[in-house]
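Examining the three-dimensional arrangement
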Amino acid sequence: MLHPDRYFSPDPAQREIARALYQHIAQLPLICPHGHVDPRTFADEHFSFGTPTDLFILPDHYIFRMLYSQGIAMEALGIPRADAGAVENDHRKIWQTFAENFYLFRGTPTGIWITDELETIFGIDENLNGESAPRLYDALVEKLAAPEFRPRALYEKFNIEVLCTTDAAIDPLESHQKIRASSMLPSPRGRGDGGEGWRGDIRPTFRPDNVLNLDAANWRANIDALARVSGIDVHDYSSYISALEQRRAFFKQMGATATDHAAVTPYTNELSKVNAENIFQRALRGAADANDAAQFTAHMLIEMARMSVDDGLVMQLHPGSFRNHNESVYKKFGADKGADIPIATEYTRNLQPLLNKFGNDARLTLILFTLDETTYSRELAPLAGHYPAVKLGPPWWFYDSLNGFHHFFDNVVETAGIYNTVGFNDDTRAFASIPVRHDVWRRATTNWLAGLVTRHILDENEAMDMARELAYGLAKRAYKLETGDWRLANGNDRVS
Amino acid sequence: MLHPDRYFSPDPAQREIARALYQHIAQLPLICPHGHVDPRTFADEHFSFGTPTDLFILPDHYIFRMLYSQGIAMEALGIPRADAGAVENDHRKIWQTFAENFYLFRGTPTGIWITDELETIFGIDENLNGESAPRLYDALVEKLAAPEFRPRALYEKFNIEVLCTTDAAIDPLESHQKIRASSMLPSPRGRGDGGEGWRGDIRPTFRPDNVLNLDAANWRANIDALARVSGIDVHDYSSYISALEQRRAFFKQMGATATDHAAVTPYTNELSKVNAENIFQRALRGAADANDAAQFTAHMLIEMARMSVDDGLVMQLHPGSFRNHNESVYKKFGADKGADIPIATEYTRNLQPLLNKFGNDARLTLILFTLDETTYSRELAPLAGHYPAVKLGPPWWFYDSLNGFHHFFDNVVETAGIYNTVGFNDDTRAFASIPVRHDVWRRATTNWLAGLVTRHILDENEAMDMARELAYGLAKRAYKLETGDWRLANGNDRVS
Amino acid sequence: MLHPDRYFSPDPAQREIARALYQHIAQLPLICPHGHVDPRTFADEHFSFGTPTDLFILPDHYIFRMLYSQGIAMEALGIPRADAGAVENDHRKIWQTFAENFYLFRGTPTGIWITDELETIFGIDENLNGESAPRLYDALVEKLAAPEFRPRALYEKFNIEVLCTTDAAIDPLESHQKIRASSMLPSPRGRGDGGEGWRGDIRPTFRPDNVLNLDAANWRANIDALARVSGIDVHDYSSYISALEQRRAFFKQMGATATDHAAVTPYTNELSKVNAENIFQRALRGAADANDAAQFTAHMLIEMARMSVDDGLVMQLHPGSFRNHNESVYKKFGADKGADIPIATEYTRNLQPLLNKFGNDARLTLILFTLDETTYSRELAPLAGHYPAVKLGPPWWFYDSLNGFHHFFDNVVETAGIYNTVGFNDDTRAFASIPVRHDVWRRATTNWLAGLVTRHILDENEAMDMARELAYGLAKRAYKLETGDWRLANGNDRVS
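These remarks concern the structure in this document. (Residues numbered from 1 in each chain as written. Chains lettered and ligands numbered in written order. Predicted model: local features only at pLDDT ≥ 70, side-chain atom pairs only at ≥ 80, totals over all residues.)

**Considerations on the overall build of chain A**
Put simply, the rule is: Numbering goes from the N terminus for both helices and strands, where a helix is a DSSP run of H or I of at least four residues and a strand is a run of E of at least two. Only C-alpha atoms enter the radius of gyration, while the globule expectation follows 2.2 Å times N to the 0.38, with N the number of residues. Partly exposed residues are those falling between the two cut-offs: more than 12 but fewer than 20 other C-beta atoms within 10 Å of their own, whereas 20 or more means buried and 12 or fewer means exposed, with C-beta atoms placed from the backbone. What counts as a contact is two residues whose backbone-derived C-beta atoms lie within 7 Å of each other.
Regarding its fold elements, chain A presents 21 helices and 11 strands. A compact globule built from 496 residues should have a C-alpha radius of gyration of about 23 Å, and chain A, at 23 Å, falls within 12% of that. Along the first, second and third principal axes, the C-alpha atoms of chain A reach 65 × 60 × 55 Å. The buried share of chain A, taken over its 496 residues, is 54%. Long-range pairs, those at least 24 residues apart, make up 75% of the contacts in chain A between residues at least 6 apart in sequence.

**Details of the interface of chain B and chain C**
To be explicit about the condition: Each residue gets one label: Ala, Val, Leu, Ile, Met, Phe, Trp, Tyr, Cys and Pro are nonpolar, Asp, Glu, Lys and Arg are charged, and the others, such as Gly, are polar.
Taken together, the contact between chain B and chain C spans 38 residues of the former and 39 residues of the latter. For the side of chain B that touches chain C, the secondary structure elements donating two or more residues are α4 (61-69), α6 (109-120), α15 (327-333) and β9 (341-342) of chain B. If you tally residues by element for the side of chain B that touches chain C, the top one is α4(B), at four residues. When its residues are assigned to classes, the side of chain B that touches chain C shows 17 nonpolar, 13 polar and eight charged.

**Quick look at the sheet that holds strand β2 (residues 160-164) of chain B**
Residues and elements named next belong to chain B. Worth spelling out the cut-off: DSSP calls a pair of strands paired once it identifies at least 2 bridges connecting them.
Reading across the sheet, the three strands line up as β1-β2-β4 and stay open at both edges, with parallel pairing between neighbours. Since the sheet does not close on itself, it has two edges, and those belong to β1 (30-32) and β4 (202-203), each with one partner. As judged from the three bridges shared by β1 and β2, these two strands associate in the parallel manner. Note that in β2 the partner of Cys32 across the bridge is Leu163.

**Some thoughts on the sheet that holds strand β4 (residues 202-203) of chain C**
Residues and elements named next belong to chain C. Spatially, β1-β2-β4 is the arrangement adopted by the three strands of the open sheet, whose pairing is parallel. On the outer flanks of this sheet lie β1 (30-32) and β4, each paired with one strand and no other. Alignment of strand β2 (residues 160-164) against β4, held across two bridges, turns out to be parallel. Considered in β4, the bridge of Leu163 is made with Ile202.

**Section: the relation of the copies chain B and chain C**
Heads up, the rule is: Only residues with pLDDT of at least 70 in both copies contribute their C-alpha atoms to the least-squares superposition of the copies.
Under the fitted operation, chain B is carried onto chain C by 0.0 Å of movement along the axis and a turn of 120°, and the coordinates agree to an RMSD of 0.0 Å. As the rotation angle and translation indicate, the two copies are arranged about a three-fold axis. The overlap is low: 5% of the interface residues of chain B also sit at the interface in chain C, so different surfaces are used on the two sides.

**Some details on the environment of Ala463(C)**
Residue and element names in this part refer to chain C. Tracing the chain through its elements places Ala463 in helix α20 (residues 460-478). Distance from Ala463 to Trp95, taken between C-alpha atoms, is 43 Å for residues 368 residues apart in sequence. Beyond its immediate sequence surroundings of up to four residues, Ala463 is in contact with Leu21, Leu449, Leu452, Val453 and Leu458.

**What about the relation of the copies chain B and chain A?**
With an RMSD of 0.0 Å, chain B superimposes on chain A once it is rotated by 120° and translated 0.0 Å along the axis. Here only 5% of the interface residues in chain B have copies in chain A that are interface residues too; the copies meet through unlike faces.

**Some points on the packing of helix α11 (residues 219-230) of chain B against helix α12 (residues 237-253) of chain B**
All names here are of chain B. Basically, it comes down to this: Note on definitions: angles span 0 to 180 degrees between N-to-C directions of axes, and those axes are lines fitted to C-alpha atoms, for helices only across the stretch in contact. Note on angle classes: values under 35 degrees are labelled roughly parallel, values over 145 roughly antiparallel, values of 65 to 115 roughly perpendicular, and the remainder oblique. Throughout, a crossing is termed right-handed when the near helix is turned clockwise from the far one, and left-handed when it is turned anticlockwise from it by less than a right angle.
One way to put it is that α11 packs onto α12 with a least axis distance of 10 Å and a crossing angle of 55°. It follows from the interaxial angle that α11 and α12 lie oblique. For α11 against α12, the interelement crossing comes out left-handed. Along the contact surface, α11 presents Leu226, Ala227, Val229 and Ser230, while α12 presents Ala243, Gln246 and Arg247. The residue inventory of the contact of α11 with α12, partitioned by class, reads four nonpolar, two polar and one charged.

Below you can see the structure in the form of structure tokens.
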């Protein structure tokens, strides 16, 4: 059912060029430098995705927020309640509800992803609706039971070159350690055999939000956990900084090349050491207020940039989400349930302190993301088009979409060029959606480039080169993923 | 002169599909759930629109603001002065001035509407300019004298299924009562005969701004009027609430299915009963300040949502207009003279208190409008794509235009889908512009859907279904206008 | 290499109409009402542009900011250091660095301008890259040595009708006086001969920022300079106002038709005479603070509007740039080095005081610019579509681009029409880029108009007329440059 020219312009001249550009880059390996796939998926070679409902619905807040918006209770979708209250646990029934309402996703990225996944990964070329739901469920169950639908096998099938997960600073990275151990085992049949040893390149990303943001849920307990995993007694600002440095070093040793930071705003502001210590002590005593939290995050973002200059980890910043906007949903179902709503975000003034300190230092790579598209042309492209340290991340979250990509190209490139951008991030929890997400990006980029060729702004050679960069090269270089096998680089011999 | 493919993409593939989709839905009846047509227009079966100047120019601030911006005095356009000072009263002369300057509207919706109305309603297929002005004036005068150009006849000709007006909370709805009385009369020749009884479905909408916003002109006098029409002695917050509830019940009995609220910002915040009472008492004494007014409106919006949960009236919110920006024009000519200028508007934080209280309640339908297009993708679509109560109104005012529609589709649908939107509102004072406004919407929607079909994002069946929903079904359901004949439902038998 | 249909839509129907419209207006003379070309360029008939590096790289912060963003030191590009520290002075080497990195400008306006200039002005039809760099350098050196590449000759070749420079209020306009003196000399071979007398119409623009903004670098010294050039002892607010009026009169006598104002925000607010005097006295003593500066600028913008009503100079406002964002670059290299970053800008509330005082006065023309595209449809078009005094400047700076133009048309015209806009400004320091900048504008406007024709929103006659207005007429009239030869009007006879 999927048309080979899908998502390209209907204009025949543009479509022909888009097709040629796309064919040039469609088979390049996938670089996945930022996302939320659970590393446990790969830690056990026998890991199974479970039912179709486990795979498609339960982990995907894009899906259940839309159903919820139309009055379907989250309980009916099997979303676990924080109070362990009863929820639907018949996965066939949940799938049926989803299928009957799948028309809600017409014209949305989720609609595109699901339709594409069903056909290209599971070979299902039938529309998903209430009538077909039971048939498709059975077909999916059968597929998912097969060894070739285990995560490690799909990793190979998807042609992933490297996949970075996102991990709390206090995470001991046990799954990553298992994956690493596996990579040390003999693998007589070579990479991707599903045998005893597995060579998949899964790396952690250092995400310290829940120890940096004083208003994080359980901040105090997280500090204790930080002390535990780092082996450093965190009792003051200095030991806190040391513990963070220890964790960064450990993550780096485990293959991390990047950190990631969420903040309501990108406000940065350096505190004196005394002020930082005072706020930290208040926080330890449970006496920090909202202003303390804002000031401390503003300070720690600069401190993270300082550490990045020292240890070379690429710094990512994802600001502008008002998390858990729906208090009743948060209380009942917890975080990440589709109730995070963007807010207007200011970068020019907010980032100036950080950039004045480290923005001219080429040792820092600061990758900025946004949920406020108005900042693309007004703030982000001018910043990236000037500061050596600043690069722009691809369209994020709601903007990981055809229009989101279109707006990004139209608003960023004229000012920043493509070489101050970092290619694509799939940024997903839904492992099986990774290939289609990259494919939509690749189709959108080649269609955009074809538009420039038809308007005689680029020639085809330039467009070919840029298509390759946008699909592969920019992400690999920006995230420092081009340096060969990090396990060897870290002194870990392996038998192969 | 009007081209049958007007407003469609020039791409042949997209145009062909757009044409097919459009033909599928072009003849559907018009649902007009929000607008500003004066109900007196229909109360008297002999109502006449007056001169061409009365019909086209005097009620339309889109027109005279543009002429004024080019240095043409409002007096020369016959706009009445508040001080009853002299203004041009030769309607032919005003028409001539308008026609000579009609080129100013090239590329604007007003230009499209006027051109279309002249041809499709009045059969005039000549360009409007200074040379043709007298001829067109004569032709229009002749048409307007004919019975088939009376409002009730045009209502039938326009194929309007239902039309909602907007009425102050203190309005006794006399015209609506007359229309209702007319509907009770025998109508042997059936609906739309223009005979003694008339079956047009004209409904009021409850708009309480001038009793909710303490800084409204004449707020104190309006409270007295509220007491009068409700029969409730409004002397404190409780009696005020009771009076509002009484009015809502009366409006509902008269056919209203919705309320409408304007506010400078969508700020919501619940007051304690004591604080609400204190502010209300200060206001009664004329001692409320600007902060009181802001807090009271913020509180009353939540209170209106509470009443909607109780009585089922759909709640509309139109924030973000800085009214009467030009003080000298306001003093000379009063409100609604083209000097209302939009401001940046914030919904995510401002609506949280209301949504936390009632956003999860499917009994509430809260339809949000905006004059700040940046909020479509950043705030409004994420809110509508999550909260069961929230739906998005169509592009409003300056954005009731081809580009306005295009931006809406491109920025809303990927996140909220179309099923969290409510189709079209013509929102006009200019009754004769209703068909063309709906037609432009229908052409824009089918053209947009055709674009998705050519890109293989939708198939044609899906697009057909969505086109019908956008033209007809969504508005009818969202505004609860699908429940058969409300007059019968309210226990009013009628002879037919 | 340049394609004759470049920048037009690939749609064949639209392209054909665009081509016809473009051919209709491509040869119209250039009106250059706002820009930053150094008037010394024309004051000496033997002025030479220097090396290709002098011409293309050193004055163009669009170029070196992009190279800097990719880690190339400004010193390596020959940008002079404030501390006179060593920088590269081998212009061939700088050119080579530029050429090797020219691929960074793919898809940017700078890429378009440079490529077009090399071919259309210098006859170079080879790609610029590291390999071709030395050849192209040699070719350019040869061309630049020829008399036909002197500024006055290029002015004629470019078919410029009038060019306005931007000059500090305290500038004695020596170059303008020299150009004027030249125009008085006999010129037997007529205009444009490069002979003793030269008839180029070069006019100053009054830019008083550095005496209006109390926080301007060297404000106190600038006041002394103001006193010197005006001959008025500036010791209080009244004498300050008189000195400004004297300078405006002098600029007007030298041909100026406009003023220009930069401000971080468009905030306006009238001070009482006492408050204005108090702030001014504090500033003279060096005791004014940031709030004083903000209030004084807010007041002086209204005062400038008042003077414009009196003397007829068109008032331009360019707000919204956070200047010198990168403090280290500013300290090392000074202002205008590509480190000015836009900020969100508010016009509706900020301009109300000025507009309430003078917005209804047709003697004032206030031309508004923005670096915040969100304000086009939300604030600027509604203001321009109402107030007689307000007009909108073309896309500015980062938005002087194909997408910038597209966004402008799509967001402004439906509300304000084109007749409340003022055509094009090239706004450049780079004299040789003027023709291509106008050409891109003309191609973009005709392509946009062709899109409206193919959608049957305009007919071809209307589009022809609008194309001519956008290319020529609107700028000429809005800037009052249509009044024949100002030198004669100012009583300066000349021999011709």
